[in-house]
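# Descriptive structure summary
The residues making up each chain are set out below.
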Amino acid sequence: LGWLTGLQQLEMGGCLADDMGLGKTVQVLALLECRRRFLAQHPDQQAPSLVVAPKSLVFNWAEEAKRFAPDMRVLNFTGIERESLREQLRNCDLVLTTYGTLRRDIADLKELTFDYAILDEAQAIKNAQSQSAKSCRLIRSRHRLAMTGTPIENHLGELWSLFEFINPGMLGASSAFQRFSKA
């Protein structure tokens with residue numbers, strides 16, 4: 001939690017990259033609960049946070065939030081009924097959605113500013129040219145985090161895609177990074 005808040009103070013994004021089952025979700029929920037309490041005292045800065053996760057993990061996020069941050073207002077922004085939920089996007093603390101929903105709804109979601117944008121199983125954007133990666137880079141947020149057990153599966157270019165989301169421009173252009181990483 002100290003490291004995550006340190007990144008926030010430095011206005012840098014971060015990557016939680018460790019094995020499955022070590023508590024990444026709970027760590028991030030602790031950070032978001034701290035932010036929720038801070039933002040409650042600063043209404044001019046209030047904005048929901050966004051978690052983008054595989055469909056199979058959205059329920060887990062909702063259950064973990066209920067268990068570890070019961071005061072957090074969580075909105076499950078998935079499925080066909082999400083059109084009726086658009087008005088609630090600004091009036092919650094945490095929005096949960098999937099990579100597929102983000103791709104389909106990016107035109108609307110990119111108009112919002114989130115406090116945190118968090119990618120769970122962030123290796124889903126390892127291909128920088130994929131629609132998922134492009135959509136994630138369009139999200140507007142004050143802070144960004146990626147969570148993954150496998151930040152690199154095949155080659156260093158996958159790491160570039162993650163960091164282009166986390167800290168845009170930090171690793172330079174993709175082509176320059178590719179040349180450097182092969183040297």
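Our subject is the structure listed above.
In this text the structure is predicted, and so the values were computed from the model without any measurement. (Residues numbered from 1 in each chain as written. Predicted model: local features only at pLDDT ≥ 70, side-chain atom pairs only at ≥ 80, totals over all residues. Heavy atoms only, no water.)

## Observations regarding unusual backbone geometry
Quick reminder of the rule: Put simply, DSSP H or I for four residues or longer makes a helix, DSSP E for two residues or longer makes a strand, and each gets a number counted from the N terminus.
Even without being a glycine, Glu 11 presents a positive backbone phi close to 60°. Phi angles above zero are rare outside glycine, and Glu 121 is one such case at about 55°. Secondary-structure assignment places Glu 121 in the loop between strand E5 (113-120) and helix H5 (131-138).

## Things to note about the packing of helix H1 (residues 2-9) against helix H2 (residues 24-40)
Going by this rule: Angles run from 0 to 180 degrees between N-to-C directions of axes, and those axes are lines fitted to C-alpha atoms, restricted for helices to the stretch in contact. The cut-offs work like this: below 35 degrees is roughly parallel, past 145 is roughly antiparallel, 65 to 115 is roughly perpendicular, and the gaps in between are oblique. Throughout, a crossing is termed right-handed when the near helix is turned clockwise from the far one, and left-handed when it is turned anticlockwise from it by less than a right angle. Contacts are assigned to residue pairs with any non-hydrogen atoms lying within 4.5 Å of each other.
Two elements in contact, H1 and H2, have axes whose closest approach is 9 Å; the angle formed by their N-to-C orientations is 50°. Between H1 and H2, the interaxial angle falls into the category oblique. Our pair here, H1 against H2, has a crossing hand that is right-handed. Together, Leu 4, Thr 5 and Gln 8 of H1 and Gln 27, Leu 31 and Arg 35 of H2 make up the contact between the two elements.

## Section: the environment of Leu 75
Residue position: Leu 75 is located in strand E3 (residues 74-76). For Leu 75 and Leu 85, which are 10 residues apart along the polypeptide, the C-alpha to C-alpha distance reads 8.2 Å. Ignoring anything within four residues of it in the chain, the contact list for Leu 75 reads Leu 85, Gln 88, Leu 89, Cys 92, Leu 94, Val 95 and Leu 96.

## Focus on helix H3 (residues 55-68)
Going by this rule: Expected span of a helix, by definition, is 1.5 Å for each gap between consecutive residues, and there is one gap fewer than residues. Burial classes: relative accessible area under 20% of the type maximum marks a residue as buried, over 50% as exposed, and values in between as partly exposed (1.4 Å probe, protein chains only). Directions are taken from the helix axis to each C-beta atom, and the arc is the one they span.
Given a rise of 1.5 Å per residue, 14 residues ought to cover 20 Å, and the 21 Å separating the end C-alpha atoms of H3 matches this to within 8%. Buried residues of H3: Val 58, Trp 61, Glu 64 and Ala 65, and no others. Along the long axis of H3, the arc covered by the buried residues comes to 135°, so they all point the same way. Structural note: H3 exposes Ser 56, Phe 59, Lys 66 and Arg 67 on the side pointing more than 90 degrees away from its buried face. At its buried positions, H3 is contacted by H2, strand E2 (49-53), E3, strand E4 (94-98), E5 and strand E6 (140-148).

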